Each structure stands twice: as structure tokens, then as C-alpha cells.
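Residues per chain are reported as follows:
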Amino acid sequence: RLGDTAAEAAVLRAMGRVASSLDRLDDAEAHYRRALDLYRGMGDQVGQGQVHLGISWVLEHQGCLTKAIEHDQQALDLFGAVNHTAGLARALNHLGSHRMIAGDYQQALDDCQAALTLFHRIDDQFGEAATQDSIGQAYRCLGQHAEAVDRLRRSAHLLRRLGDRYNEAHVLIHLGDAYRDAGRSVPGLGAWRRAESLLRELDHPDAEGVRARLTTTAGT
């Protein structure tokens, strides 16, 4: 009603993040698309880049990996045009994560290492935690189990210190997977139990998938 376009775009982007966290992907995409239109109308390249990364996350979880990578690249170009370090770091981490899913593990690792350097430069601990998670997963895909466990433990520890229970839970799932791959079932079960407990506290549907992991592993 006030006609504050910048505030409206920011709220829509926040609504997209919340809907994404709740796995309401169609709602998330709708919020992000509306925000993107507003940011474009204002000529706000940073805002556009941030929304492109939100859309890429949604597309990844909808199984549209090629389109997700296209949005990552658009975000990288937009942030690069205005030399926005935090945005560049986030875009590189997104791009690396999606290249990893596509099977390009070494390039994914290179992208994420570049992102980590930028996050260190600006002392962004949330970004560092997210990127350590990505790097850990890349090492896991490359069969370097000890390095994978180390990076994922760093990420989980940092997220616990920052109080980010949702993302800590997901990193703990990855850590449990890495322990399993390394033949270390006991610490792996411990990581999954912690993840399940956090997700249950948050009343998040992903808790069910972790319970299935625990049940399957316990039965073997």
C-alpha cells in the first residue's frame, strides 16, 4: 500500500527463502519470480543476483539441474558486474554444488574453494559454513573420505555455534553419509541421530528420511 517497491521485493525474497525451507517449492518459486520482476524494474543487480540463486535452489530440488546452473551463472554475471564479493562467493558455491550433482567433481571443488577464499575475505561465517559443506561433499564424491569428514565436521561445528539448527541438521546428514563411506558406522549413526533430533524439534518433514536411514542401518 505504501508503494515501497524495494521493501516489497525484499519481503518477497524472504518469503521465498521460508517457503524453500519448508519444501513448498511452487510457492517459493512464485515469490522469487515476483521479487525478480521488481528488482529488474528497479535496475537492482545485486537483488536480481540474490533472487537468481534462490530460484536455482528451487530448480535443483525440482530436478531441473541445467536450468539451476543457468540461474547460477546469471547470478555470477550480475554480481561480477558490480564487484559484489559476497554475492560472487555465494554464486560460486551454488555453481560448484550444482556441478557436483552433475558429476563434474573437480570443477565443483575448484569453484567452492574459490568461494571459500572470498567468504574468508569478508568474514562471512554463514557463507563459510555452507561452503565447507559443499567442499566436504565434493571430497566425498572424489573418494577422499578423511578430507570429506574433516570439512563437514568444520561446517557442522560452525553452524552449531551460529545457532543455525536447520542447516546444521542437513550438514550432519552429509557427515553421517561421509562416515558411512569411510566405514565408520558408529560416528555416522551419531551424526544422523543428531540431525533427526534437530529436524524433529523444527517439525521438519526431512526428519522422516533421516529416520529411514537410521532404521535401515540399524537393521544391517
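Presented here is a report on the structure given in the accompanying data block. Everything numeric in this text was worked out from a predicted model, so none of it was measured.

Here we come to the overall build of the protein. Of the regular secondary structure elements, the protein holds 11 helices and zero strands. In the protein, the order of α-helices and β-strands from amino to carboxyl end is α-α-α-α-α-α-α-α-α-α-α. Here the C-alpha radius of gyration of the protein, 18 Å, is about what a compact globule of 220 residues would show, namely 17 Å. Its C-alpha atoms put the protein at 60 × 35 × 30 Å along the principal axes. Scored against the burial criterion, the 220 residues of the protein give a buried share of 44%. Restricting to contacts in the protein with at least 6 residues of sequence separation, those with at least 24 account for 50%. Carbon and sulfur atoms make up 48% of the accessible area of the protein, which totals about 10900 Å². Averaging the positions of the 25 positive and the 30 negative side-chain charges in the protein gives two centres separated by 4 Å.

What follows is about the layout of surface pockets. Considering only enclosed or pocket space, the largest pocket measures out at about 1400 Å³ in volume. Considering the residues around the largest pocket, the lining is formed by 40 residues, among which Trp57, His94, Ala130, Tyr166 and Asn167 are closest to the centre. Residue assignment for the lining of the largest pocket shows that the elements contributing at least two residues are helix H1 (5–21), helix H3 (45–61), helix H5 (85–101), helix H7 (125–141), helix H8 (145–162) and helix H9 (165–181). Element by element, the count of residues in the lining of the largest pocket is highest for H5, at eight residues.

So, on to the side chain of Ser134. Topologically, Ser134 is positioned in helix H7. A polar side-chain atom of Ser134 sits 3.0 Å from a polar atom in the side chain of Ser97.

Our next topic: helix H2 (residues 25–42). The first and last C-alpha atoms of H2 sit 26 Å apart over 18 residues, in line with the 26 Å expected at 1.5 Å per residue. Those residues of H2 that sit buried are Leu25, Ala28, Glu29, His31, Tyr32, Ala35, Leu36 and Tyr39. With its buried residues spanning 160° around the axis, H2 presents them on a single face. The exposed set on the far side of H2, more than 90 degrees from its buried face, consists of Asp26, Asp37 and Gly41. Buried positions along H2 lie against H1 and H3. Looking one or two residues past H2, Gly43 carries a phi angle of roughly 70°, positive in sign.

The next point concerns the pattern of salt bridges. What the rule picks out here adds up to 13 salt bridges. A salt bridge links Asp177 to Arg180; the shortest N-O distance between them is 3.9 Å. Placement of the pair is Asp177 and Arg180 together in helix H9, with a separation of three residues, close to one helical turn. Using a relative accessible area of 5% as the deciding quantity, one classes Asp177 as buried. A single network of salt bridges, built from pairs that share partners, joins Arg140, Asp177, Arg180, Asp181 and Arg213.

Let's shift gears to the packing of H5 against helix H6 (residues 105–122). Where H5 contacts H6, the axes come no closer than 8 Å and their chain directions differ by 160°. Taken as axis vectors, H5 and H6 run roughly antiparallel relative to one another. Relative to H6, the crossing made by H5 is left-handed. Judged by residue contacts, Thr85, Ala86, Leu88, Ala89, Arg90, Leu92, Asn93, Leu95, Gly96, Ser97, Arg99 and Met100 of H5 engage Tyr105, Gln107, Ala108, Asp111, Cys112, Ala114, Ala115, Leu118, Phe119 and Ile122 from H6. Of the residues in the contact of H5 with H6, the class split is 14 nonpolar, five polar and three charged.

Turning our attention to unusual backbone geometry. Non-glycine residue Asn83 carries a positive phi angle of around 55°. As for its position among the elements, Asn83 is in the loop between helix H4 (65–81) and H5. Of note in the backbone geometry, Asp203 takes a positive phi value of approximately 55° without being a glycine. Position of Asp203 among the secondary structure elements: in the loop between helix H10 (185–201) and helix H11 (207–218).

Considering all chains together, one arrives at zero disulfides under this definition. In this structure Cys141 is a free cysteine whose sulfur lies 11 Å from that of Cys112, the closest cysteine sulfur available.

What counts and what doesn't
- Residues numbered from 1 in each chain as written.
- Predicted model: local features only at pLDDT ≥ 70, side-chain atom pairs only at ≥ 80, totals over all residues.
- Heavy atoms only, no water.
- Helix = DSSP H or I, 4+ residues; strand = E, 2+ residues; numbered from the N terminus.
- Rg over C-alpha atoms; globule rule 2.2 N^0.38 Å.
- Buried < 20%, exposed > 50% of the residue type's maximum accessible area, 1.4 Å probe, protein only.
- Contact = heavy atoms within 4.5 Å.
- Areas by Shrake-Rupley, 256 points an atom, 1.4 Å probe, with all protein chains shown as cover.
- Lys, Arg positive; Asp, Glu negative; His and termini not counted.
- Charge placed at Lys NZ, Arg CZ, Asp CG, Glu CD.
- 1 Å grid on protein atoms, 1.4 Å probe; cavity = no way out; pocket = protein on both sides within 12 Å on 5 of 7 lines; lining within 4 Å.
- Points joined across faces, edges and corners; volume = space filled by probe spheres on them.
- Polar contact = N/O pair within 3.5 Å; in protein donor to acceptor, adjacent residues only side chain to side chain.
- Expected span 1.5 Å × (residues − 1).
- Arc of directions from axis to C-beta.
- Salt bridge = Lys/Arg side-chain N within 4 Å of Asp/Glu carboxyl O.
- Axes fitted to C-alpha atoms, helices over the stretch in contact; angles between N-to-C directions.
- Parallel < 35°, antiparallel > 145°, perpendicular 65-115°, else oblique.
- Left-handed = near helix turned anticlockwise from the far one by under 90°.
- Nonpolar A, V, L, I, M, F, W, Y, C, P; charged D, E, K, R; others polar.
- Disulfide = S-S within 2.5 Å.

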